[in-house]
Amino acid sequence: MAVIIEPFRIKSVEPLTFTTRSERKEILKEARNNLFLVDADKVLIDLLTDSGTAAMSSRQWAGIMNGDESYAGSKSFYRFKEVAERITGYRHIIPTHQGRAAEKIIFTILGGKGKSFVSNTFFDTTRANVEYSGAEALDFLTPEGKIPHLIAPFKGNMDTEALEAYILKRGAENIPMCVMTITNNSGGGQPVSLGNLRETAAICRKYGIRFFIDACRFAENAWFIKTREEGYKDKTVEEIAREIFALADGCTMSAKKDALVNIGGFLAMNDEALALAARNLLIITEGFPTYGGLAGRDLEAMAQGLEEVLEEDYLRYRIRSIEYMGEKLTAAGVPMILPTGGHAVYLDAKAFLPQIPPAELPGVALANALYIEGGIRGVEIGSLMFGKKDEQGNHVAPPMELVRLAIPRRVYTQSHIDYVCEMIIEVFRKRDQLRGYRITFETPLLRHFTAHLEAL
Ligand SMILES: *Cc1c(COP(=O)(O)O)cnc(C)c1O
């Protein structure tokens, strides 16, 4: 099956702005060759992130009008709570304005100096919140997940042997929590199997360590389990999701991903005392427990989005459209992380542009070429984002040089994706002509957001 039929029709449209190649060259130059500094209305197809960029459904918009803006005990909260409880099974559902607000609360309570938190792979904001508390964050990704071109069904899995060895060495009393990120965002949106979730949960139970799910893309992960793991093809995605959550003690969630909204999140758990502490912090930093940092209308949209994301027609289309993009590019010889994950295609800039050394930012060269060629915005995940300097000031490159093309949910059609593929293939054909970049201005932290670059 090659043709993807979007499982929706379009009721409201937002025009795209077209620019010419010479205009884009000028725009990029003015933005100091940094795509983060390009205004969004100068981008034709924006694949910078899948976070908060989803198109809401007519039912979600109806929910926006129905939002109950009462300060306490709003009916929108009870609707949201009912849906989140049904899917996760957790007793305490605490809304927050986005994922990192949930993280800030839980790691403020459980973190601190001398503690260690473990994960398959911590997402950046999760790691930052752990470290900000004074604790350390350690990843135990399965070795399969570290080989970009290796085809395997669950490259997001935890390396359970390494995890258990670490627990024994460090002492379980120093490890307040183990976090499973599904899908594994930093690893290319690769899924985690239920078998691996079960094994990890058993290890946590054996040593008395709390087990939480970073659930941002739980529905996409459940779909991969249904289609790839033995014994799940006849279960519904919702049943699989419930089975995942039942293995853990709680979750953090960014609703900007798999709840199909533009803002929102939540924290959920079974532990009464922990929930009480979390609500206390919530009141100080986010708001009253029946709205978190959100408006009543946001809670309505989130409740509706959580129901829609579990519809199998939606998930089949979602995962298939990313797989389709991967197949089309692979057929043209374009190097990328395989298999494609749930929310993005990751081009391998090192293999794409072997003539550009990591110090000259091949990921930036590729991302900028895609913008000039087709007005497409992706994001470099490589030497600009993660590069370090040694004592002599020499560039120390991260293991991979990637360009992530994240696909917003329900926003672009197959013809948009076909166009993106054509532009990538066109850049691939002309790859020998591309040159690297040099940094002319940078900040000490998170330099990729604001750096100024000069073409070599
Ligand atoms: C986006 C994301 C977060 C943080 O959520 P925000 O809503 O952006 O604060 C945490 N974990 C993962 C895996 C994510 O993708």
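The notes below deal with the structure included here.

Basis of the calculations
Residues numbered from 1 in each chain as written. Predicted model: local features only at pLDDT ≥ 70, side-chain atom pairs only at ≥ 80, totals over all residues. Heavy atoms only, no water. Near = heavy atom within 4 Å. Polar contact = N/O pair within 3.5 Å; in protein donor to acceptor, adjacent residues only side chain to side chain. Areas by Shrake-Rupley, 256 points an atom, 1.4 Å probe, with all protein chains shown as cover. Helix = DSSP H or I, 4+ residues; strand = E, 2+ residues; numbered from the N terminus. Buried < 20%, exposed > 50% of the residue type's maximum accessible area, 1.4 Å probe, protein only. Arc of directions from axis to C-beta. Contact = heavy atoms within 4.5 Å. Salt bridge = Lys/Arg side-chain N within 4 Å of Asp/Glu carboxyl O. Pairing = 2+ DSSP bridges. Axes fitted to C-alpha atoms, helices over the stretch in contact; angles between N-to-C directions. Phe/Tyr/Trp six-rings, centres within 6.5 Å; stacked < 30°, edge-to-face > 60°. Lys NZ or Arg CZ within 6 Å of the ring centre and 35° of its normal. Core = buried A, V, L, I, M, F, W, Y, C linked by side-chain atoms within 4.5 Å. Domains from an automatic or database assignment. Parallel < 35°, antiparallel > 145°, perpendicular 65-115°, else oblique. Left-handed = near helix turned anticlockwise from the far one by under 90°. Nonpolar A, V, L, I, M, F, W, Y, C, P; charged D, E, K, R; others polar.

If you check the shell around the ligand, you find 15 residues, and the closest are Arg100, Asn185, Asp214, Ser254 and Lys257. At 2.7 Å, a side-chain N or O of Arg100 approaches an oxygen atom of the ligand. Burial of the ligand by the surrounding chains reaches 98%, relative to a free accessible area of 380 Å². At the level of elements, α4 (99-110) and α5 (124-132) are the ones that each hand at least two residues to the shell around the ligand.

An α-helix turns once every 3.6 residues. As a result, residues three or four positions apart point the same way. For helix α2 (residues 58-66), the complete set of buried residues consists of Gln60, Gly63 and Ile64. Taken down its axis, α2 places every buried residue within 105 degrees of arc, on the same side. Opposite the buried face of α2, at more than 90 degrees from it, the exposed residues are Arg59 and Met65. Elements in contact with the buried residues of α2: α11 (296-308).

Another aspect to go through is the pattern of salt bridges. Counted by the stated rule, this structure contains 34 salt bridges. The closest approach of N and O atoms between Arg316 and Asp313, which form a salt bridge, is 3.1 Å. Of the two residues, Arg316 and Asp313 are both situated in helix α12 (residues 312-331); the distance of three residues between them amounts to about one turn of the helix. Several salt bridges share partner residues, and in doing so they unite Arg79, Glu82, Arg86, Glu238, Arg242, Glu300 and Glu307 into one network.

Attention now goes to the sheet that holds strand β11 (residues 379-381). Two strands in a sheet stick together by hydrogen bonds in their backbones, pointing the same way (parallel) or opposite ways (antiparallel). Strand order in the open sheet formed by three strands is β9-β14-β11, with antiparallel pairing between adjacent strands. Strands with a single pairing partner mark the edges of an open sheet, and in this sheet they are β9 (344-348) and β11. Pairwise comparison of adjacent strand axes, ignoring direction, gives a mean angle of 30 degrees for this sheet. In this structure, β9 lies alongside strand β14 (residues 402-406), joined through five bridges in antiparallel fashion. Of the residues in β14, the one forming a bridge with Val345 is Leu405. Packed onto the sheet, helix α14 (residues 362-374) meets β9, β11 and β14 and runs at close to 40 degrees relative to β14.

Locating Thr200 in the fold gives a position in helix α7 (residues 194-207). Discounting chain neighbours no more than four positions away, the residues touching Thr200 are Met158, Thr160, Leu163, Cys178, Met180 and Phe211.

With that settled, the discussion passes to the packing of aromatic side chains. Each aromatic ring pair is described using two quantities: the centre-to-centre distance and the angle formed by the ring planes. Taken as a whole and judged by the stated rule, the model has twelve aromatic pairs. Pairing Phe140 with Tyr166 gives two aromatic rings, centres 5.3 Å apart and planes at 45 degrees, and the pair type is tilted. Of the two residues, Phe140 sits in the loop between β4 (136-139) and α6 (160-170) while Tyr166 sits in helix α6, which places them 26 residues apart along the sequence. Taken as a pair, Phe140 and Tyr166 share a single burial class, namely buried. The rings of Phe8, Tyr314 and Tyr317 are connected pair by pair, giving a single aromatic cluster. Here Lys257 stacks its cationic end above the ring of Phe123, 5.5 Å away from the centre of that ring. Across the ring face of Phe428, the terminal group of Arg431 is positioned such that the distance to the ring centre comes to 3.9 Å.

Attention now goes to the pairing of β9. Counting buried positions along β9 gives five out of five residues, so the element sits mostly inside the fold. The alternating pattern of β9 places Ala344, Tyr346 and Asp348 on one face and Val345 and Leu347 on the opposite face, and all of these are buried.

A word on the nonpolar core. One broad trend across soluble globular proteins is that nonpolar side chains are buried collectively. With 116 residues, the main nonpolar core has Phe80, Ile213, Phe218, Leu306, Met325, Leu347 and Ile424 as its most contacted residues. Residue contributions to this core reach at least three from each of two domains, namely domain 1 (21-50 + 312-455) and domain 2 (58-308). The contacts of Phe80, once residues within four sequence positions are left out, are Ile93, Pro95, Phe266, Leu299, Met302, Ala303 and Leu306.

For the rest of this paragraph, the subject is the pairing of strand β5 (residues 177-181). With respect to burial, β5 is a largely interior element, five of its five residues being buried. Across the two faces of β5 the burial is the same, with Met177, Val179 and Thr181 and Cys178 and Met180 all buried. With three bridges joining them, strand β3 (residues 116-119) and β5 adopt parallel strand pairing. Residue Phe117 lies in a different strand from β5, and its bridge partner there is Met177. When β5 meets strand β6 (residues 210-214), the two strands line up parallel, connected through five bridges. Looking across to β6, one finds that Met180 is bridged to Ile213.

A separate point is the sheet that holds β5. Here we have seven strands laid out as an open sheet, ordered β2-β8-β7-β6-β5-β3-β4, and mixed in their pairing. Each end of this open sheet is capped by a strand with a single partner; those strands are β2 (92-96) and β4. Put simply, the sheet's adjacent strands are angled 20 degrees from each other on average, direction ignored. As paired elements, β6 and strand β7 (residues 250-254) share three bridges and run parallel to each other. Bridge pairing links Ile213 to Cys251 in β7.

This part is about the packing of α4 against helix α10 (residues 272-285). In contact at an axis separation of 10 Å, α4 and α10 are set at 125 degrees when each is read in the N-to-C sense. In terms of axis orientation, α4 runs oblique to α10. In this structure, α4 meets α10 at a crossing whose hand is right-handed. Contacts from Ile105, Ile106, Thr108, Ile109 and Leu110 of α4 reach α10 at Leu274, Ala277, Ala278, Leu281, Leu282 and Thr285. A per-class count over the contact of α4 with α10 returns nine nonpolar, two polar and no charged.

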